[in-house]
Amino acid sequence: MDKHEGRDAGTIRLDDPWYDALAVGWGEGEGAGAGEGPGGAAGGGAETSPPNSSPGAAPARAASDIYLEVQRSAAFQEVRGRYRRFVVPATAGFFLWYVAYVIAATTAPDMMARPVFGSVNVALLAGLGQFLSTFLLTWAYARHARLRRDRAALDLRWTVFEQEQVRRAGAGERTRGRGAGR
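Residues numbered from 1 in each chain as written. Predicted model: local features only at pLDDT ≥ 70, side-chain atom pairs only at ≥ 80, totals over all residues. Heavy atoms only, no water.

## Some thoughts on helix α2 (residues 74-107)
Its 34 residues place the ends of α2 48 Å apart at the C-alpha level, agreeing with the 50 Å of an ideal helix rising 1.5 Å per residue. Along α2, the positions that sit buried rather than exposed are Val79, Gly81, Phe86, Val87, Ala90 and Ala104. (Helix = DSSP H or I, 4+ residues; strand = E, 2+ residues; numbered from the N terminus. Expected span 1.5 Å × (residues − 1). Buried < 20%, exposed > 50% of the residue type's maximum accessible area, 1.4 Å probe, protein only.)

Structure representation (structure tokens):
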């Protein structure tokens, strides 16, 4: 299946690159067995890959190089920037609202005890407002992520997946196909 474009881009793919991905260096090597550390070497955490079979070819890229390249990319920095531009002000605003509620409850009990209607007072409405603002903030975060970051993050995910496939093919590693027969 190919990468989806357009209106139905949110559909689930059977060959999602992160569906059954192992952590890099965790039992991926041929000799990874009992008593051996990550990457198949006893006590070593370095990634091992077979050398290129063609003479004069460039050495195979390590998986960590791919991730570092993506991390330095403008697309990744844009996704991180969009995340920060939402989360930092939202967190600050919510924290200030919470602190204002606590300070008002402790320093101005007469104001908080003022009845609004019936036995409902200002403190009760402000407390319920805390719950409401939590749900509204959660909704706003999910909406922001869906509209501003998810598409770009998925594109980055596919970029990493495709580069990892090229790296594995160049290094002669066998790839695990989870959805091969589907």
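Next comes the rest of the write-up.
## Focus on the side chain of Glu164
Note on placement: Glu164 falls in helix α4 (residues 122-171). A polar atom in the side chain of Glu164 sits 2.6 Å from the side chain of Arg167. With sequence-adjacent residues up to four places away left out, Glu164 is seen in contact with Ala63 and Ile66. (Polar contact = N/O pair within 3.5 Å; in protein donor to acceptor, adjacent residues only side chain to side chain. Contact = heavy atoms within 4.5 Å.)

## Observations concerning the packing of aromatic side chains
What characterises a pair of aromatic rings is the spacing of the ring centres plus the angle enclosed by the ring planes. The full count for this structure, using the stated rule, is two aromatic pairs. With centroids separated by 5.9 Å and ring planes inclined at 50°, the aromatic side chains of Phe86 and Tyr141 adopt a geometry described as tilted. Linking Phe86 in helix α2 with Tyr141 in helix α4, this pair joins segments that are 55 residues apart in sequence. Residue classification places Phe86 among the buried positions, given a relative accessible area of 18%. Accessibility expressed as a relative area gives 33% for Tyr141, which makes it partly exposed. An angle of 85° between the planes, with centres 5.3 Å apart, marks the rings of Trp158 and Phe161 as edge-to-face. Here Phe161 and Trp158 lie together in helix α4, a separation of three residues that amounts to about one turn. With relative accessibility at 25%, the residue Phe161 sits in the partly exposed group. (Phe/Tyr/Trp six-rings, centres within 6.5 Å; stacked < 30°, edge-to-face > 60°.)

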